[in-house]
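Spelled out from the first residue to the last, the chains are:
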There are 2 protein chains.
Amino acid sequence: MTTLHLLTATRVLSDIRAGKTSPIAYLDSCLARIASREPLVHAFTQFDPDLVRRRARHAPPGPLHGIPFAVKDVLDTADQPSEYGSPIWDGHRPFADAASVAWARAAGAVLMGKTVTTEFATRKPGATANPAGLSHTPGGSSSGSAAAVADCMVPLATGTQTLGSIVRPAAFCGVVGYKPTYNLIPRKGVWNDADTLDTVGVFARSVPDAALFVAAMLDFRALMVPDRPAVPRVGLCRTFQWEHASPDMQAALANAGRHLQAAGASVEDVALPPRYADLLAAQTCVAKWEIAHTLADEYLRNGTGLRPPLYERCSEGYKIDPADYQRALATGRQCRQMLPDAFGHCDVLLAPGAPGEAPEGLEWTGDPLFNQIWTFLHVPCVAVRGGRGGHGLPLGLQVIGRLDDDSRTLEAAHWIQLALDERG
Amino acid sequence: MTTLHLLTATRVLSDIRAGKTSPIAYLDSCLARIASREPLVHAFTQFDPDLVRRRARHAPPGPLHGIPFAVKDVLDTADQPSEYGSPIWDGHRPFADAASVAWARAAGAVLMGKTVTTEFATRKPGATANPAGLSHTPGGSSSGSAAAVADCMVPLATGTQTLGSIVRPAAFCGVVGYKPTYNLIPRKGVWNDADTLDTVGVFARSVPDAALFVAAMLDFRALMVPDRPAVPRVGLCRTFQWEHASPDMQAALANAGRHLQAAGASVEDVALPPRYADLLAAQTCVAKWEIAHTLADEYLRNGTGLRPPLYERCSEGYKIDPADYQRALATGRQCRQMLPDAFGHCDVLLAPGAPGEAPEGLEWTGDPLFNQIWTFLHVPCVAVRGGRGGHGLPLGLQVIGRLDDDSRTLEAAHWIQLALDERG
C-alpha cells in the first residue's frame, strides 16, 4: 500500500512532471484509501470506482490533469445522481454538470464522486464522521467534502457556504477551506438555498492547492500563490461573537497573533465597526426568508419529504415580514460599504473559524456563528489550521480578505499557514 | 365570442367577487383568444388546453384564484417541459417548479403554458411577433411573455431580465413590465445566465395587475398599489445613452414630463453622477464574463448545440481578464452606493424604456442599452406606456426606483400611467 494519497495536488503534479510518479498511481492510492476508510468516514453518497477509472482514462490535458476531486452533492453532475441531501430528490439525475464541475473536468481533474451534504445544505446531517475523531461531527453542510479531503481520500473537493458550511467543517476537520468572494465561482447548477448568501468554494490540504484548484477552474492565474508569499499586515479580529469562542479557541487566536508577529508580520487588534454588531441577526433573517421562499416546490408539493425541523423552519420563514427582510438586506449592504473601515490598513483579518473543536456526536454539525457575518459580507475567507484544542482535535482560524481581493487573501493565508505550521 | 380576455386580472377578480363572471368564463375567453391568435403571434412553446383545464380544476383558493398566467421558458415547471430556448435542452422535463411558479400556483393562479424565449435568454430570437405590429419584433428575451400579455391571451406572465429582457419587450409591445429589485422574486429554478444580473419579473396590462401578481406570489401585501396613488416627485433622466434614443422617444419623454407636471407632479431634470458614464461598458463586461462561464456544460459538452453567435460570444467571454471582470463589478458596486445622489429628492426617475419603437423584422430583438445600467444597479423598474411613435407602434418609458423601494416605485408608476393614459 502506497502513501501517495497523502500528497497534496501541487506536490503530486510536480512529481508527475519530474517523472517520479503517474496520475494513475496517485488515483489508485486514493481509491485504495477510500476502500479502506469509507466504511468508517462515510464521506461519499455516490462513489463508483469503475466510473472513476473511466473518467480518468478520458481526462483531458490541463493544469489538473489526472487529479481526483470530490463534489458536494448539492452541485449537479451529468454522469452521477445529485440528491441534495433530501429523499425528495432521491435518484435525481441532472442533465448537465454544474459550471464549476464542468470547468474542473475541462482542466483535467477526475471526478471521484459526490459527497455527503446535510439536507439541502441546511441542518440535518448525514452519516459522515470527522476523520480527526470519528465520534465527532465533521461540521456541515459540506460534511463529506471536508472529511474526504481531511482523510486523504482526495486532495481537492468543492463545497458551498450559506451560513458557515465551508470554513466551519474545514476548521473542524483540520483542512484548508476557501470560500471565495461571493459569486467568483459560478453558481450555475448549484442547489439554490439563499441567493444572497450561497457561495461555492473548495477544500484542500494546503493553501496552494486550494488556490490552484480555483485558478484552474476559472483560468484565473493570479489566484495562484507564490512559493514565497509576502509578509502580510494582519488584524486580529475577535468579532462581536467572541464570548461564544471556547477558551482554547480564544487562546489559539492570541497565540497565533503572537507567533505571526514573532515571524515578522505586522499584527494589531482590530475592532469591527459598531454597525457590525447587527450583522449576525440580519444574516439569520436573510437566510431564513430566502431558504423558506426558495424551498417553495418542496414545501408545497412534497412537504412530507422535508424533515420536520426544516418544514418548521420554512413555516417560520414565511411569517417574516418582507420589510424586515429588506431591512436585513440593507444592513448587509451598509456593512459591505464599511469594509474599508473594518480592515483599516490591514491586508487581512484573522478570526476564529468556529467556536472551538468539533462537538462530540454526529447529530449536530456545530454552530456557524463565527462564519455567518463574513458570508453575508461576501468577502473571501480561508480556513487555516490553528493548532489543537483540549481534546486533541483541530482548531481552525480563518483569514478574511476584502471583496474581490482573493489573490492577496490566499497569499496571506499561505504565509500564515506556513508560519503556524512551523511552530510544529 | 366574449371579450372577457380583454380585462385585467384586477378587474376580473373584482367582477368574480361581484358575481358578474366566473374564473372558468375568463379562462375560456383567454383560451379562445389563444386559439385564434397564436398562429399569428407564436407566443407559446408549450401550450396544452386540456392540461390548462385540469390545472384550473385543481387551483387552490387564493388571491389569484383561477387567473391564468404564462411563464417564460427559462423558468422550470414540473408538469411541462422547460427547454430554455435551446435545442440542447429539447424536451427537458424539470422535476420541480421554479419557486416563483410554485408560489403563483399556491396563490391560485393557473399556468397557461410556457412562452418563447431567445436562446438561453440571450440573443437568437424565436418566432414570436409583436401583436402591435406583426412584422415587428416583440423584443427579447422574454418575447413570448410580453406578446401573450399584449395580445390578451393571458393577463399576467413572468419573465427575466439580464440586460433588458423585461422592460424592452414590455415597451415594444405596449404593456407594463415590472423588474423588481434584484432577487426580490426568488431565482430558484430559473435558468442562470449571469448571476449578478438575472432578475425575475412580470408582465401585465396595468400597474395594479403587475403589483398584485408579485404581491400574491411573495405574500408581500405592501407591494399592492392603492386606488389613489400619491403624487410622485419625478426626475426626468435622459441617461448617458440619450443620443441613442430616436427623435420620437426623445419627444415622448419630454412630453411625458410636461404632462405629468401639468397633472400635478413635481418634475425636474436629473443628471446622473459622472461615474455612471462607465456603467454600460461595465455591465456589458459582467454579462459577457458571467454568461460565458455559466454556459460551461453547454459549451464544453454540447458546443455544436449552441448557435454560432452564442458560441463565439462565449469564446470571447473566456478571454476577458478576470481582473477586468472584477473592476467592472466594482464599478457596479460604487454606482449602487451613489444611488442616493442619483435620485436626489425624487421618488422615482423616468427614462426611456427602449431606444424607440420596436424595430421591423423578427431577426433582432432590439437594443437593450437603455436597460442595462438599471439591471446592473439592481433597482426596480416599471415599463409604462408612453404614447406611440412615428410608425404607430408603442413607445415605452420606464419608472425607476431606489433599491428595495418597490412599493413606492409601483405606486409612482401607477400614478404616472394613469396620468399618461388620460392624455388619450
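Presented here is a report on the structure given in the accompanying data block. Throughout, a residue's number is its position along its own chain's written sequence, starting from 1. Both sets of labels track the order of writing: A upward for chains, 1 upward for ligands. Predicted model: local features are reported for residues with pLDDT of at least 70 only, side-chain atom pairs are reported and counted for 80 or more only, and whole-chain, interface and lining totals are derived from all residues.

## Observations regarding the sheet that holds strand β9 (residues 348–352) of chain A
Residue and element names in this part refer to chain A. Here eleven strands make up an open sheet; going across it, the order is β1-β3-β2-β4-β6-β5-β10-β11-β9-β7-β8 and the pairing mixed. Each edge of the sheet is formed by a strand with only one pairing partner; in this case those strands are β1 (44–46) and β8 (266–270). Sheet twist, expressed as the mean angle between neighbouring strand axes with direction ignored, is 30 degrees. The criterion for strand pairing is that DSSP finds at least two bridges linking the strands in question. Secondary structure elements are taken from DSSP: a helix is a run of H or I of four residues or more, a strand is a run of E of two residues or more, and numbering for both begins at the N terminus. Examined bridge by bridge, strand β2 (residues 68–72) and strand β4 (residues 156–161) share three bridges and lie parallel to one another. Lines fitted to the C-alpha atoms define the axes, with helices restricted to the stretch that makes contact. Angles between their N-to-C directions range from 0 to 180 degrees.

## Structural notes on the sheet that holds strand β7 (residues 233–237) of chain B
All names here are of chain B. If you trace the eleven strands from one edge of the open sheet to the other, you get β1-β3-β2-β4-β6-β5-β10-β11-β9-β7-β8, paired in mixed fashion. One side of each edge strand has no neighbouring strand; the edge strands of this open sheet are β1 (44–46) and β8 (266–270). Recorded for the sheet is a direction-independent mean angle of 30 degrees between the axes of neighbouring strands. Relative to strand β11 (residues 394–400), strand β10 (residues 381–388) runs antiparallel, the two being bridged by six bridges. Residue Val382 lies in a different strand from β11, and its bridge partner there is Val399.

## Brief notes about the interface of chain B and chain A
Every contact between the two is made by 34 residues of chain B and, on the other side, 34 residues of chain A. Listed by contribution, the elements that provide at least two residues to the side of chain B that touches chain A are α4 (99–106), α9 (279–294), α10 (296–301) and α12 (322–337) of chain B. With six residues, the top contributor of residues to the side of chain B that touches chain A is α12(B). This entry defines residue contacts through backbone-placed C-beta atoms, with two residues in contact when those atoms are within 7 Å.

## Observations regarding the nonpolar core
Only buried residues count toward a nonpolar core: Ala, Val, Leu, Ile, Met, Phe, Trp, Tyr and Cys, linked into one set through C-beta atoms within 7 Å. Here the C-beta atoms are placed from the backbone, and a residue counts as buried if at least 20 other C-beta atoms lie within 10 Å of its own, exposed if 12 or fewer do, and partly exposed otherwise. One finds A:Leu350 and B:Leu350 to be the most contacted residues of the largest nonpolar core, which totals 296 residues. Contacts of A:Leu350, omitting those with residues within four sequence positions, involve A:Val234, A:Gly235, A:Leu236, A:Cys237, A:Leu253, A:Ala256, A:Leu397, A:Val399 and A:Ile416.

## Details of the pairing of β8(A)
Residue and element names in this part refer to chain A. Bridge analysis of strand β7 (residues 233–237) against β8 gives five bridges, and the strand direction is parallel. Of the residues in β8, the one forming a bridge with Arg233 is Ser266. With the strands pointing away from the viewer, any crossover whose connection runs clockwise from the first strand over the helix to the second is right-handed. For the crossover that starts at β7, traverses helix α8 (residues 247–262) and ends in the parallel β8, the hand is right-handed.

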